[in-house]
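# Summary of structural features
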Amino acid sequence: MSFEEALALASRDEGFKATVYAMNTLLIHKGIYTQEEFQTLFVEWVEKEQRRKSPTVRRAESSSVFSA
């Protein structure tokens, strides 16, 4: 399958996932960073997102308690 064929078959979401997969695989294989470094940064990003979302979730839960 050519790149153009794969691009045509993939949805937007699948194309994004394939791009991330390809880029990370290349960077790890070329020794730019290790799998461990990638995983550490991945966890760091998810934790930051969870902290960022956390106050919003609490506000929504609090407001529903008072609306009952």
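What counts and how
Counting from 1, residues in each chain are numbered in the order their sequence is written. Totals for whole chains, interfaces and linings use all residues, but because this is a predicted model, local features are given only for residues with pLDDT of at least 70 and pairs of side-chain atoms are given and counted only at 80 or more. Side-chain measures were taken over the full set of non-hydrogen atoms in the model, leaving aside hydrogen atoms and water. Aromatic rings from Phe, Tyr and Trp, with only the six-membered ring used for Trp, were paired whenever their centres fell within 6.5 Å, and each pair was classed as stacked if the ring planes differed by under 30 degrees, edge-to-face if by over 60, and tilted otherwise. Each helix is a run of DSSP H or I of at least 4 residues and each strand a run of E of at least 2, with the numbering of both proceeding from the N terminus. N or O atoms closer than or at 3.5 Å make up a polar contact, with two conditions inside protein: a donor-capable atom paired with an acceptor-capable one, and, for residues adjacent in sequence, both atoms drawn from side chains. Expected helix span is computed as 1.5 Å times (number of residues minus one).

Going through the model one piece at a time under the given rule, you end up with two aromatic pairs. Their ring planes at 35 degrees and their centres at 6.1 Å tell us that Phe 38 and Phe 42 sit as a pair that is tilted. Taken together, the positions of Phe 38 and Phe 42, both in helix H3 (residues 35–66) and four residues apart, correspond to about one turn of that helix. An aromatic cluster is present here, built from Tyr 33, Phe 38 and Phe 42 joined pairwise through their rings.

Summarising the element assignment, Glu 14 is placed in helix H2 (residues 12–29). At 2.8 Å, the side chain of Glu 14 and the backbone nitrogen of Ser 11 are in polar contact.

Note: α-helices contain 3.6 residues per turn, so residues at a spacing of three or four share the same orientation. In this model, H2 (18 residues) spans 26 Å end to end at C-alpha, consistent with the 26 Å of a helix rising 1.5 Å per residue. Following H2 by one or two positions, Gly 31 adopts a phi angle in the positive range, close to 80 degrees.

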